[in-house]
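Examination of the molecular architecture
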Amino acid sequence: MASGAVNDALESGSPTLRSKVYQRWASPMTQIVLISLVCFGCPGALSSWRVLSLKRMLSLLGMYNAIGGLGGSGQLDSTVAANATVALLAATAASALTLVPPIFDRSSRELQMFGPRVCLLIGGWTYPLYSGSLLCYNHTHNSAFVIASGAILGIGASFLWVAQGAIMVSYPLPDKKGIAIGIFWVIFNLGGGIGSFISFGLNFHSKSGTVTDGTYAAFMVIMAVGWLLSVFIAPPHKVVREDGSFAGPPPSGKHIGFVGSFKAEINKFVEALKDWRIWLLIPAFFCANFFYSYQQNTVNGATFTLRSRSLNGAMYWIAQMFGGIFLGALLDLKWLTRPQRAKLGFVFILITGFSIWGGGLAFQRWEDVQGKIQWLDFSNSKTYVGPFWLYFFYGILDAFWQGYCYWMMAALADSPHEAAKYVGLYKTFQAIGGAVAWRINALKYKAITQLTINWALLGTSLVVAIPAVFAITPSPIATEIDDVTIED
């Protein structure tokens, strides 16, 4: 059902709205693909980079994931990467909830220049900067530059991820948000997968523990391209959904001053967080990156050889592609209401989560008996295949967990601005959880202890989230009668 504003524009013969190019650009799914490509280039590449090293910093964007999967961000000395991780996570936790949502908002004349596009442009350039600091470290061992770049990246990542999350959970129609999350997860993690395969090829014959300069240079180019794609992101009030409604209201144009804008933003923030359901999801948010330090460092980094870590990292992100699209389809089943889909997703996460961590327990007991470090290579196929599949399913579980968190936020948010605040809350506690996990890892807790903590947190967060899951309401259906919303 088309909204009156869109119908009037079409009937008046507006050449802009009649343009097929404009209509395609202004569609929610096109915007989802565009933001996915931005994240493919920036965080996705860095993720795969990290697959090969000893320490994995917080996976923030596609090519960033490629670097992170290298372990220790591709460096032999993982201490510098660990310190940069702390700086990154602290900066993310401090800025995601306080700094980014006001800039994302466009509710007053003073804020009209901002919005998702500006947030992405502010945040995206910090990814190639961080990659460049690692390249510099390869030659100068300038650890201060790496740590400072990590802190800057933490702030930039907040801008990028809050904008990305708000777009993903608020632009599509209520019953198409699952597939939107799935599409994003496929394209985003494709960046990590491709980046890891690039690293795998470049380092296949390398017997050293560091990553080649060519690896860093390739990632930096891809990140820069992803950042520049941000200029094509549309603001919410220009995105037209399939039913003719807009993704968000236009800026009001009211002149209230920057102080007034800040106060208004604080009031909106308080209103958004009055929903008790979002608070019950905080333990799940805390767990969203908690397991990375154990999986990427203790399992992949300590068990496998350099080239096997690269291969594992590539398949870890490929696994997330399968997990994201499967969960998205599950949460968009047309013959179930939104409350039923929420419960189905919860049960599915519970069963798969406990099953995969149960497999992890069996692996860790076996690995503890081996008593060797970085010894397992894919050439030893009979021994390699079991741990490989466990690591693959760790990647799938990551997609399941984060995808469900995003879907729950989508079910609670009524507008892009409210979604930005929820995503800011999500990213804050995600970063806090990651920082705690890395500290536990840095203190050299036993691997079995780290696994137990991860599994216990998963179970606890699911129990706490039960009331919120059962309180999900039916999908709203927009009508043209006095802008009333009825429920299916």
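Residues numbered from 1 in each chain as written. Predicted model: local features only at pLDDT ≥ 70, side-chain atom pairs only at ≥ 80, totals over all residues. Heavy atoms only, no water.

Quick look at the overall build of the protein chain
Scanning the protein chain from N- to C-terminus turns up 21 helices and 4 strands. Here the protein chain, with 488 residues, has 59% of them falling under the buried criterion. Considering only contacts within the protein chain whose residues lie at least 6 apart along the sequence, 74% involve residues at least 24 apart. With the model as given, the accessible surface of the protein chain reaches about 18,300 Å², and the carbon-plus-sulfur share is 69%. (Helix = DSSP H or I, 4+ residues; strand = E, 2+ residues; numbered from the N terminus. Buried < 20%, exposed > 50% of the residue type's maximum accessible area, 1.4 Å probe, protein only. Contact = heavy atoms within 4.5 Å. Areas by Shrake-Rupley, 256 points an atom, 1.4 Å probe, with all protein chains shown as cover.)

Digging into the environment of histidine 417
Note that histidine 417 resides in helix α20 (residues 416–442). Separated by 250 residues in the primary sequence, histidine 417 and isoleucine 167 place their C-alpha atoms 9.7 Å from one another.

Comments concerning a nonpolar patch on the surface
Together, Val347, Leu350, Ile351 and Phe354 give the surface a local cluster of nonpolar side chains, amounting to about 330 Å² of exposed area. Tracing the backbone shows isoleucine 351 in helix α18 (residues 338–370). Looking at isoleucine 351, the relative accessible area reads 53%, which means it is exposed. (Patch = residues over 30% accessible without salt bridge, like charges linked within 9 Å, V, L, I, M, F, W, Y side chains within 5 Å. Salt bridge = Lys/Arg side-chain N within 4 Å of Asp/Glu carboxyl O.)

Concerning helix α10 (residues 143–170)
End to end, α10 covers 40 Å across 28 residues, agreeing with the expected 40 Å (1.5 Å per residue, within 8%). Residue asparagine 142 occupies the N-cap position of α10, its side-chain oxygen lying 3.4 Å from the main-chain nitrogen of alanine 144. (Expected span 1.5 Å × (residues − 1). Polar contact = N/O pair within 3.5 Å; in protein donor to acceptor, adjacent residues only side chain to side chain.)

A word on the environment of glycine 41
By the secondary structure assignment, glycine 41 is in helix α4 (residues 28–49). Taking the C-alpha atoms as reference points, glycine 41 and valine 221, 180 residues apart in sequence, are found 8.7 Å from one another.

Section: the pattern of salt bridges
Side-chain pairs of opposite charge can arise whenever the charged atoms involved come near each other. According to the stated counting rule, one finds 4 salt bridges in the structure shown. With a shortest N-O distance of 2.8 Å, aspartate 175 and arginine 341 are connected by a salt bridge. Of this pair, aspartate 175 sits in the loop between α10 and α11 (177–202) while arginine 341 sits in helix α18, and the two are 166 residues apart along the sequence. The exposure class assigned to arginine 341 is buried, which follows from its relative accessible area of 3%. Glutamate 242 is the partner of lysine 176 in a salt bridge, and the nearest nitrogen-oxygen pair spans 3.5 Å. Linking lysine 176 in the loop between α10 and α11 with glutamate 242 in the loop between α12 (213–228) and α13 (257–272), this pair joins segments that are 66 residues apart in sequence. In this structure lysine 176 comes out as partly exposed when scored by relative accessible area, which is 30%.

Some thoughts on the confidence of the model for the protein chain
Across the protein chain, the average pLDDT comes to 79, with 77% of residues at 70 or higher. Confidence over residues 1–7 falls short of pLDDT 50; this stretch has 21 contacts with residues more than four positions distant or in other chains. Contacts from residues 70–76, a stretch scored under 50 in pLDDT, to residues over four places away or in other chains number 51 contacts. (pLDDT = per-residue confidence, 0-100.)

Brief notes about the nonpolar core
Of all hydrophobic cores here, the largest spans 116 residues; its most connected members are Ile278, Phe285, Tyr394, Trp401, Tyr404 and Tyr406. A per-element tally of this core places helix α19 (residues 381–412) first, with 20 residues. (Core = buried A, V, L, I, M, F, W, Y, C linked by side-chain atoms within 4.5 Å.)

As for the packing of aromatic side chains
Scanning all chains against the criterion turns up 30 aromatic pairs. Ring geometry for phenylalanine 392 against phenylalanine 393: centres 5.9 Å apart, planes inclined by 85°, an arrangement best described as edge-to-face. In this structure phenylalanine 392 comes out as buried when scored by relative accessible area, which is 10%. Taken together, the ring pairs connect Trp161, Phe184, Trp185, Phe188, Phe285, Tyr406 and Tyr426 into an aromatic cluster. Residue placement shows lysine 372 over the ring face of tryptophan 375; its charged tip is 4.1 Å from the ring centre. (Phe/Tyr/Trp six-rings, centres within 6.5 Å; stacked < 30°, edge-to-face > 60°. Lys NZ or Arg CZ within 6 Å of the ring centre and 35° of its normal.)

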